[in-house]
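Survey of secondary and tertiary structure
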Amino acid sequence: MTHWFHRNPLKATAPVPFNYYGVVTGPAASKICSDLRSSRARLLELFTDLNCNPQMMKNAADSYFSLLQGFINSLDESTQESKLRYIQNFKWTDTLQGQVPSAQQDAVFELISMGFNVALWYTKYASRLAGKENITEDEAKEVHRSLKVAAGIFKHLKESHIPKLITPAEKGRDLEARLIEAYIIQCQAEAQEVTIARAIELKHAPVLIAALAYETANFYQKADHALSSLEPAYSAKWRKYLHLKMCFYTAYAYCYHGQTLLASDKCGEAIRSLQEAEKFYAKAEALCKEYGETKGPGPTVKPSGHLFFRKLGNLVKNTLEKCQRENGFMLNPNQKKW
């Protein structure tokens, strides 16, 4: 089963020379600065390299972050911070607010911003892989794993590093709690989409699929709520995506709940459940159109033409027709027709 995920753009950054004439002395220190410069450039290069895989990304990120730790933590393993923490100014743009950069003279800000981009890369890698036709079981597992890694990075940044910033995160910017939370929940929701697709392929019980779909819809609703107080000019397109996915998986939940009711010969209740599925599918379809027309960060696509969307429409239609046929068979002249 192919998937479609909304993605915000990567953060951009200004070059950092790591040249500290008069401060850094000796060949060993100069070598570290040179390695920092080259490992940072390598990591930035991989963000846009379509041939990059998770192992390449992990190796490059580990290489840079291990060197950057010398600018954050004291080398004598004490609890004190490094004397180099505030020596360099770092500039990064924002995923929502475009080319307006934020700058802090703080190596922790660099660690968080670069880590944020690494997490974004994992989400984009998962999206590319999930969008393939005839995705294999191993590829589906890779998508699921990548989204879990991304969620873990976002969560780690939020809990362990962002609180250490001397200058608090600006409102509406990437490092603010509301945005980080939305990214975390979106990753969890998309990972569960992969689980649902796998459950459908393995023909698991409809009651299980309905429960997973309902939980996924709730994830998307929570992510949308996290963004509700942001400036619409920046968040409108992203929120359209979260809202349409919430409606989409609510329709899924009603559809498979209807199948469960039908299996228990509760045809009337099954029909009502499928009618609810139709309503939410229609809402999702309208939101797909609105998403395509909404300006803002993210791709310009028509989700309603995507295979994952069309398949649900056919499933709801066919299941409702089946319920209505079964209901007709079960009725006798003394029963009230639905």
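Predicted, not measured: the structure shown is a model, and the values here were computed from it. (Residues numbered from 1 in each chain as written. Predicted model: local features only at pLDDT ≥ 70, side-chain atom pairs only at ≥ 80, totals over all residues. Heavy atoms only, no water.)

**Points about the overall build of the protein chain**
- Across its full length, the protein chain carries nine helices and two strands.
- Reading the helices (α) and strands (β) of the protein chain from amino to carboxyl end gives α-α-β-β-α-α-α-α-α-α-α.
- The dimensions of the protein chain, computed from C-alpha atoms along their principal axes, are 95 × 40 × 35 Å.
- When the 338 residues of the protein chain are sorted by exposure, 47% land in the buried category.
- When contacts within the protein chain are restricted to residue pairs at least 6 apart in sequence, those whose partners lie at least 24 apart make up 72%.
- Carbon and sulfur atoms provide 54% of the accessible area of the protein chain, an area that totals close to 16900 Å².
- If the 43 positive side-chain charges of the protein chain are averaged to one point and the 35 negative ones to another, these points end up 3 Å apart. (Helix = DSSP H or I, 4+ residues; strand = E, 2+ residues; numbered from the N terminus. Buried < 20%, exposed > 50% of the residue type's maximum accessible area, 1.4 Å probe, protein only. Contact = heavy atoms within 4.5 Å. Areas by Shrake-Rupley, 256 points an atom, 1.4 Å probe, with all protein chains shown as cover. Lys, Arg positive; Asp, Glu negative; His and termini not counted. Charge placed at Lys NZ, Arg CZ, Asp CG, Glu CD.)

**Focus: the packing of aromatic side chains**
- The tally for this structure, following the rule as stated, stands at 19 aromatic pairs.
- Here the aromatic rings of W121 and Y125 are separated by 5.1 Å at their centres, their planes lie at 15 degrees, and the arrangement is stacked. On the criterion of helical spacing, the pair formed by W121 and Y125 is a turn pair, its members being four residues apart in helix α3 (residues 107–130).
- The exposure class assigned to W121 is buried, which follows from its relative accessible area of 1%.
- One aromatic cluster in this structure is built from W4, Y220, Y241, F248, Y249, Y252, Y256 and Y291.
- It is K11 that lies over the ring of F116; its NZ or CZ is 5.3 Å from the centre.
- Sitting over the face of the ring of Y291, K237 holds its NZ or CZ atom 4.3 Å from the ring centroid. (Phe/Tyr/Trp six-rings, centres within 6.5 Å; stacked < 30°, edge-to-face > 60°. Lys NZ or Arg CZ within 6 Å of the ring centre and 35° of its normal.)

**Overview of the packing of helix α5 (residues 177–201) against helix α6 (residues 206–226)**
- As a packed pair, α5 and α6 sit with axes 8 Å apart at the nearest point and diverge in direction by 165 degrees. Judged by the angle between their axes, α5 and α6 are roughly antiparallel. Regarding α5 and α6, the two cross each other, and that crossing is left-handed.
- Residues of the contact of α5 with α6, tallied by class, amount to 13 nonpolar, five polar and five charged. (Axes fitted to C-alpha atoms, helices over the stretch in contact; angles between N-to-C directions. Parallel < 35°, antiparallel > 145°, perpendicular 65-115°, else oblique. Left-handed = near helix turned anticlockwise from the far one by under 90°. Nonpolar A, V, L, I, M, F, W, Y, C, P; charged D, E, K, R; others polar.)

Structural measurements only, silent on function.
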